[in-house]
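Examining the three-dimensional arrangement
Spelled out from the first residue to the last, the chains are:
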Amino acid sequence: MIVRPQQHWLRLIFVWHGSVLSKIFSRLFLNFLLSIAVIIMLPWYTSLGIRLTVAPFSILGVAIAIFLGFRNNACYSRYVEARQLWGQLMIASRSLFREVKNTLPDDPALGEFVRLQIAFAHCLRMTLRRQPQADQLAAYLSAEHLRVAMDSSSPANRILLIMGEWLAVRRREGQLSDILFHSLNIRLNDMSIVLAGCERIANTPVPFAYTLILHRTVYLFCIMLPFALVSDLHYMTPFVSVLISYTFISLDTLAEELEEPFGTENNDLPLDAICNAMEIDLLQMNDESVIPTRKLPDKYYQLT
Amino acid sequence: MIVRPQQHWLRLIFVWHGSVLSKIFSRLFLNFLLSIAVIIMLPWYTSLGIRLTVAPFSILGVAIAIFLGFRNNACYSRYVEARQLWGQLMIASRSLFREVKNTLPDDPALGEFVRLQIAFAHCLRMTLRRQPQADQLAAYLSAEHLRVAMDSSSPANRILLIMGEWLAVRRREGQLSDILFHSLNIRLNDMSIVLAGCERIANTPVPFAYTLILHRTVYLFCIMLPFALVSDLHYMTPFVSVLISYTFISLDTLAEELEEPFGTENNDLPLDAICNAMEIDLLQMNDESVIPTRKLPDKYYQLT
Amino acid sequence: MIVRPQQHWLRLIFVWHGSVLSKIFSRLFLNFLLSIAVIIMLPWYTSLGIRLTVAPFSILGVAIAIFLGFRNNACYSRYVEARQLWGQLMIASRSLFREVKNTLPDDPALGEFVRLQIAFAHCLRMTLRRQPQADQLAAYLSAEHLRVAMDSSSPANRILLIMGEWLAVRRREGQLSDILFHSLNIRLNDMSIVLAGCERIANTPVPFAYTLILHRTVYLFCIMLPFALVSDLHYMTPFVSVLISYTFISLDTLAEELEEPFGTENNDLPLDAICNAMEIDLLQMNDESVIPTRKLPDKYYQLT
Amino acid sequence: MIVRPQQHWLRLIFVWHGSVLSKIFSRLFLNFLLSIAVIIMLPWYTSLGIRLTVAPFSILGVAIAIFLGFRNNACYSRYVEARQLWGQLMIASRSLFREVKNTLPDDPALGEFVRLQIAFAHCLRMTLRRQPQADQLAAYLSAEHLRVAMDSSSPANRILLIMGEWLAVRRREGQLSDILFHSLNIRLNDMSIVLAGCERIANTPVPFAYTLILHRTVYLFCIMLPFALVSDLHYMTPFVSVLISYTFISLDTLAEELEEPFGTENNDLPLDAICNAMEIDLLQMNDESVIPTRKLPDKYYQLT
Amino acid sequence: MIVRPQQHWLRLIFVWHGSVLSKIFSRLFLNFLLSIAVIIMLPWYTSLGIRLTVAPFSILGVAIAIFLGFRNNACYSRYVEARQLWGQLMIASRSLFREVKNTLPDDPALGEFVRLQIAFAHCLRMTLRRQPQADQLAAYLSAEHLRVAMDSSSPANRILLIMGEWLAVRRREGQLSDILFHSLNIRLNDMSIVLAGCERIANTPVPFAYTLILHRTVYLFCIMLPFALVSDLHYMTPFVSVLISYTFISLDTLAEELEEPFGTENNDLPLDAICNAMEIDLLQMNDESVIPTRKLPDKYYQLT
């Protein structure tokens, strides 16, 4: 995620890093070259009776814009929902630990429980990014818990089960009444909601045919555009063609990036920073002395 | 569902499998032939005083694009909601079993309960896809339960009732307090929400008149398009006409596929894989030794 | 509601029953006649200096399409919400009875309670459709309950109160603990949500001015359209004018139908079928022997 | 709110009362006069080299239509949300009283409690409409309660506090267990949600700049429109210009009305009727003998 | 936030303060100058073969309008959600204190608790606006609590923990049963939801690339517009170009303002006024004698 401070409108026009421009530059350049070729070859192919006008492309352009708007909406919704799920994890984590600490203030194993919660967040993050987890989780989990979690096909879910057992032991020992056990289980369920929600977003893409149809029509539209513009604009064709292509291709490409919000591209969610903030919060709530430092954006305003 | 990994933008233009192109190819080809016929017959019917221009089709095209955008939105919402319901089933199943296991860790019938949960998921999947169920469910249900469920007009709902009885027996025997019984009933209610939600999507289509009006206007529009384009574009008519038709017809067709997300077409939900993942998760939570293998996409990136 | 199975795209173009075409045919025919009159009178009124071109109608057409899209969205949302409310009634009914049966398995009056639930659904349906209720409800309610309910200005709400009393009696007699009474009251509240939600949709239409403004602009647009098209299209005017008018008028008319989802028109909700399914489910859950038959669509695929 | 029964499409074109037409008639008439002036002055100002064409206004018109659609959506959402909040008040009121009556069937002060609930609804209505409240509330509240409520800067919230005290007294006297007290407090919280939700809608308008930007562009567009249309349409300019202006100005004006749904304009919510219905329902639930009559629409189909 | 009363439509066209016009005036003026330069240089650059027509800009304009509508939607949703979160804080605060007061009416430390709640609201406001907090919070918190909160990296969350401890002490002393402690914890969780929700909106902007792409295309579009309009409009170019530019640039700029709803710009949320209202409400509920005065808009209708 890029957290650029507000800037003068004129400077924004020239920003390179963090835009999708770097990704699509080659395609726009091809479009530029094609436009020049079209200008040069114009006399030849009009003599063959081939001609294109802007009017039909106007229908097509508006239709594609509407459908692209729809797809952008769908992809952006995934991004927003993913962010909301991580926000809910923050809520559930804080509330769960607040209730546990207030109810069992003198429990010697509070540190163990808070680490289970932190491990859950890191585990979820690494699962979503398909990164190896065992090394990092070893810092938070006992050897036994780590082994059980890693053996499971869904380690984050297993950590939830371990947290439930931690609470169930205290219920059986009489330290937690049924009503408070029920109350804490609601928080665990909230975490389960986040887990399954993130899995859903990661495993179920926007139907592939949407991506395909829009991709195809956008590129065919941009390829045919110079032919349609040239009779009206002549020497200006390359500039207008590239500007229109930029509008369509950049939004198509951005939608593609947002579709998978858990990646590590420019416009993806800063899961590292969120997990880091959660860890700091929970350790401070437990009044621990060693607190990690807060993650900050790099010089490109990038937060991972 | 197709889970295609990211590909070069150029290769995507030529993808055949998994697009709706295979479905609508014949219609586009008809459109191509019609365009050629229109070019050939142009002198004849202009001599009769018949002429069409692009301008009125521009109004019609934009209007259809807007309404098609609306319908796509409605159909995609059904797809997303269906997926969310199955995600909620995952959440409820895990939470229900976590609470049951933590509360009754030594109950000898935990295996029976976990199989009731798995049976519920499979039963819902097969109900939605209108597949025969008795054989598959026999692997999870006792003969008595299977008979009762199959006798009901809504087997999945009956399985929920059986799960409720399983819990109620333990409440009457004093192993579950009223508060924990209430807590577990909330999870059963969550599963009831999923059941009725899926039934709603499967039984209540988008109002038929929407499908009809858009279908009709899209096809009439595509049929009249070559007549309108020919005076401007002449030899290029077939190519532009097919491109515009492709944009409209493919989105109309895709909306139709997404409207029924529980089918087994290319862009439908992978209910088999979701049930399989749920089964693995629940069995691992019960620390069982025999776990089914995970379902993976086939060579066309297809997951059912 | 029409539950038409998937059909060949070509056949759909000619469907008559279930479309709004039957409703608006006379208006489209008037438009056709007007177009012919316009062609005939063209020389006369151009000699008076009256002329219309397509360009301004393009602005108007797109604006109306956008606003019509907005209104369709608003009306369709009402339809979807209404359907979801009835889905929630299904959920609440099943969960309520499941909990009651599991908690009080030997209560001799379970049959009475299940009939109160069924009466609630039928009563809500008939209230929404403004049908007389006493006769039908007599099949489910005792004479005393029927009298009290019919005396109330909101019979469905009164039935909820009676259900609450049924449960409260058991609480006072010690068969239901406070926590389970609370749990069951949540389900009654869910039914209250459905009741007030349906009343809201039935009593609060989309602001009348929306209907009015769009109605007026759509019809004025369609009336002026032939004048604008005739100079470009001449003999083709009637066909193009009717096609464009069909697109706009049919969507305006369909929005009007969906605005009131509880009616008995082609595209309204099948409340009879939903109540019937609910009745079957609840009676089967109570293991009763006499179960009504399931309602099926008629030969026009129509379900009421 | 206007509750007009369905009418023939032709008659709707001529409806005057209840449309926004009465409000904007003078503006449309000015537009008409301007168009005539533009026709008359055409030769003079074209000789000065001033000319306008439809094409740029097409871009502007579509852009304004899209943004107007967005603003209409935002304002209509406020209207819908406001209506939903009052629906939730209906739900919470009925459920609260149902639970109170079922739990404390013999309490002699039930009549006092039901009047507290009715007072809350009326108080909220009058707060939102900035009407004096003391006289009307005196019919429902004891002198002491009325004084306390009127002294508060948020009387409705104070009435909620009094209801909470009513319940808390019964808890302290042992008539309500903690669990039922908790259950009833959830209903009070539901009413608090309605209260704060309505305050939010009433106090936080749609950002003023939206209103301003759209207002400005809509009127500047309508003023410049006749100049752009005149060269194409000549004598028809006034009619087409007024039709297009009507479409844009009426939707802008309607959005403005819906933005403040608690007013007493034609398209605002019928809070009087809703409060009246709620009062009848609650009194009937308490089996009282004196019930107010139901409010009905006046001869203009208007409900306040 | 600007709370302008309704005004005559004609006066609204000339409003300066509170519009975004003051912000973008220089850009529009540049556009005006550019248009004049374009008129003057027209003969020169047409002689070079450079020409632009409106048609391609029509495609571009509509596409940008659609995408701008999408971005406005996304930014306005953030604004609405932010306002809803503060509304939820109002709800949770009132309900929490109502329950606490009703349950513990004679607790001598009620004043301390109500100040903890007020401190939470002010702390959240100042955190979101990145203002120094210690001085203001000292008015509500004890020295010890202030120190602990300020030491935390998330002071508002720490205050929630302190509130939880306040309640937990009373539970351990037997004044609060487990069920009521659970009930009050739900309210603390509601406040936690508000906290994390606001943090999310403040820390996660709309993906930077959206802002960038739209910014860029809007400005390039406005720069090229005069070249496209001049051949049609000649002397009228500056006026039409500025009007179209105003429509696009003002909405782009407003979206940017709404994206960060917690700032102190014209169209941001009035957090000061909301906190002030909350403080008055809570102190009045505790029947305190010293109540702050209500914050009112200044002479520019501005509320901060």
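Just so it is clear, the structure is predicted and the values come from calculations on it, not from any experiment. (Residues numbered from 1 in each chain as written. Chains lettered and ligands numbered in written order. Predicted model: local features only at pLDDT ≥ 70, side-chain atom pairs only at ≥ 80, totals over all residues. Heavy atoms only, no water.)

All right, on to the overall build of chain A then. What chain A contains, in helices and strands, is 11 helices and 0 strands. Tracing chain A from N to C terminus, the helices and strands come up as α-α-α-α-α-α-α-α-α-α-α. Its C-alpha atoms give chain A a radius of gyration of 26 Å, clearly above 19 Å, the size a compact globule of 304 residues would have. Counting only C-alpha atoms, chain A reaches 90 × 35 × 30 Å along its principal axes. Across the 304 residues in chain A, those meeting the buried criterion constitute 67%. Look at the contacts in chain A between residues 6 or more apart in sequence, and 75% of them connect residues 24 or more apart. Summed over its atoms, the accessible surface of chain A is roughly 10,300 Å², and 61% of this surface lies on carbon and sulfur atoms. Positive and negative side-chain charges in chain A, numbering 26 and 27 respectively, have mean positions lying 5 Å apart. (Helix = DSSP H or I, 4+ residues; strand = E, 2+ residues; numbered from the N terminus. Rg over C-alpha atoms; globule rule 2.2 N^0.38 Å. Buried < 20%, exposed > 50% of the residue type's maximum accessible area, 1.4 Å probe, protein only. Contact = heavy atoms within 4.5 Å. Areas by Shrake-Rupley, 256 points an atom, 1.4 Å probe, with all protein chains shown as cover. Lys, Arg positive; Asp, Glu negative; His and termini not counted. Charge placed at Lys NZ, Arg CZ, Asp CG, Glu CD.)

Each partner contributes residues to the interface: chain C has 64 residues there, and chain D has 74 residues. Carbon and sulfur atoms make up 67% of the area that chain C and chain D hide from each other, which totals about 6,200 Å². Looking at the side of chain C facing chain D, the largest losses of area belong to C:Ile59, C:Phe208 and C:Arg216, adding up to 12% of the total buried there. Put simply, chain C and chain D have 2 salt bridges between them. Counting every contact that joins chain C to chain D gives 16 residue pairs in polar contact (both at pLDDT 80 or more). (Buried area = accessible area lost by both parts, 1.4 Å probe. Salt bridge = Lys/Arg side-chain N within 4 Å of Asp/Glu carboxyl O. Polar contact = N/O pair within 3.5 Å; in protein donor to acceptor, adjacent residues only side chain to side chain.)

To continue, consider helix H6 (residues 143-151) of chain D. Residues and elements named next belong to chain D. Within the span of H6, buried status applies to His145, Leu146, Val148 and Ala149. Take H6 and look down its axis: the buried residues cluster within an arc of 165 degrees, on one side only. Among the exposed residues of H6, those pointing more than 90 degrees away from its buried face are Ala143 and Asp151. (Arc of directions from axis to C-beta.)

The subject of this paragraph is the side chain of A:Ser250. When you line up the elements, A:Ser250 lands in helix H10 (residues 237-259). The class for A:Ser250 is buried, based on a relative accessible area of 0%. Among residues more than four places away in sequence, those in contact with A:Ser250 are A:Val20, A:Ile24, A:Ser245 and E:Ile213.

A separate point is the packing of helix H4 (residues 110-128) of chain A against helix H7 (residues 155-172) of chain A. All names here are of chain A. Between H4 and H7, the least distance of the axes is 9 Å, while the angle of their chain directions is 160 degrees. As judged from the angle between their axes, H4 and H7 are roughly antiparallel. Between H4 and H7 the crossing geometry is left-handed. Facing Leu110, Glu112, Phe113, Leu116, Gln117, Ala119, Phe120 and Cys123 of H4, the residues of H7 in contact are Pro155, Ala156, Ile159, Leu160, Ile162, Met163, Trp166 and Leu167. Its residues assigned to classes, the contact of H4 with H7 comprises 14 nonpolar, 1 polar and 1 charged. (Axes fitted to C-alpha atoms, helices over the stretch in contact; angles between N-to-C directions. Parallel < 35°, antiparallel > 145°, perpendicular 65-115°, else oblique. Left-handed = near helix turned anticlockwise from the far one by under 90°. Nonpolar A, V, L, I, M, F, W, Y, C, P; charged D, E, K, R; others polar.)

Attention shifts here to unusual backbone geometry. Residue and element names in this part refer to chain B. Of note, Arg130 is a non-glycine position whose phi angle comes to about 50 degrees, a positive value. Residue placement: Arg130 occurs in the loop between helix H4 (110-128) and helix H5 (134-137). Relative accessible area serves as the criterion here: at 66%, Arg130 is assigned to the exposed category. Of note, His234 is a non-glycine position whose phi angle comes to about 50 degrees, a positive value. Its place among the elements puts His234 in the loop between helix H9 (208-233) and helix H10 (237-259).

With that out of the way, let us pick up the relation of the copies chain B and chain C. In screw terms, the move from chain B to chain C is a rotation of 72 degrees and a rise of 0.0 Å along the axis, fitting with an RMSD of 0.0 Å. As the rotation angle and translation indicate, the two copies are arranged about a five-fold axis. In this assembly the copies use different faces: only 8% of the residues contributing to the interface of chain B also contribute to that of chain C. (Least-squares fit on C-alpha atoms with pLDDT ≥ 70 in both.)

Once that is clear, we can look at the interface of chain B and chain C. Each side of the interface is counted separately: chain B has 64 residues, and chain C has 74 residues. Buried area between chain B and chain C, both sides added, is near 6,200 Å², and the carbon and sulfur share of it is 67%. It is B:Ile59, B:Phe208 and B:Arg216 that lose the most area in chain B upon contact with chain C, and together they represent 12% of the buried surface on that side. There are 2 salt bridges connecting chain B and chain C. Here C:Asp287 makes a salt bridge to B:Arg158, at a shortest N to O gap of 3.0 Å. Summed over the shared surface of chain B and chain C, the result is 15 residue pairs in polar contact (both at pLDDT 80 or more).

We now examine the relation of the copies chain C and chain D. Each copy of the sequence occupies a distinct position, and chain C is placed on chain D by a rotation of 72 degrees and an axial shift of 0.0 Å, giving an RMSD of 0.0 Å. Little of the interface of chain C is mirrored in chain D: 8% of its interface residues are interface residues there too.

What follows concerns the environment of A:Leu68. As for its position among the elements, A:Leu68 is in helix H3 (residues 54-103). Aside from chain neighbours lying at most four places away, what touches A:Leu68 is A:Leu214, A:Val218, A:Phe248, A:Leu251, A:Asp252 and E:Phe67.

This brings us to the pattern of salt bridges. Evaluated as defined, the whole model comprises 90 salt bridges over all chains. For D:Glu257, the salt bridge is made with D:Lys23, and the minimal N-O distance between the two is 2.9 Å. Taken together, the positions of D:Glu257 in helix H10 (residues 237-259) and D:Lys23 in helix H2 (residues 21-47) put the pair 234 residues apart, joining distant regions of the chain. For D:Lys23, a relative accessible area of 33% corresponds to the partly exposed category. Between D:Asp190 and D:Arg187 there is a salt bridge, with its nearest N and O atoms 2.8 Å apart. Of the two residues, D:Asp190 and D:Arg187 both sit in helix H8 (residues 178-203), 3 residues apart, roughly one turn of that helix. You can call D:Arg187 buried: its relative accessible area is 5%. Look at the salt bridges and you will find they share partners, linking A:Lys23, A:Glu257 and A:Glu265 into a network.

This brings us to the UniProt feature "transmembrane region" (unreviewed entry) in chain A. Those places that UniProt annotates as "transmembrane region" (unreviewed entry) correspond, in this numbering, to residues 28-46, 52-70 and 208-229 of chain A. Spanning residues 52-70 of chain A, this segment combines 89% helix with 0% strand, and its end C-alpha atoms are found 28 Å apart. (UniProt positions renumbered as here; feature names shortened; annotations may be inferred.)

Before going further, it helps to examine the state of the cysteines. All told, the structure shown has 0 disulfides over all chains when counted by the stated rule. Left without a disulfide partner, D:Cys275 is nearest to the cysteine sulfur of D:Cys123, which lies 10 Å away. For the unlinked cysteine E:Cys75, the closest cysteine sulfur is that of E:Cys198, found at 17 Å. In this structure E:Cys75 comes out as buried when scored by relative accessible area, which is 0%. (Disulfide = S-S within 2.5 Å.)

Judged by nonpolar contacts, the single largest core of 560 residues is most densely connected at A:Trp86, B:Trp86, C:Trp86, D:Trp86 and E:Trp86. Contact partners of A:Trp86, with chain neighbours within four places excluded, come to A:Ala121, A:Leu124, A:Arg125, A:Leu128, A:Cys198, A:Phe262, A:Leu271, A:Ile274, A:Cys275 and A:Met278. (Core = buried A, V, L, I, M, F, W, Y, C linked by side-chain atoms within 4.5 Å.)

Residue and element names in this part refer to chain D. The terminal C-alpha atoms of helix H4 (residues 110-128), which comprises 19 residues, lie 28 Å apart, in line with the 27 Å expected from a rise of 1.5 Å per residue. Of all 19 residues making up H4, 16 are buried, and the element is well covered by its neighbours. Two residues or fewer past H4, Arg130 is found with a positive phi of approximately 50 degrees. (Expected span 1.5 Å × (residues − 1).)

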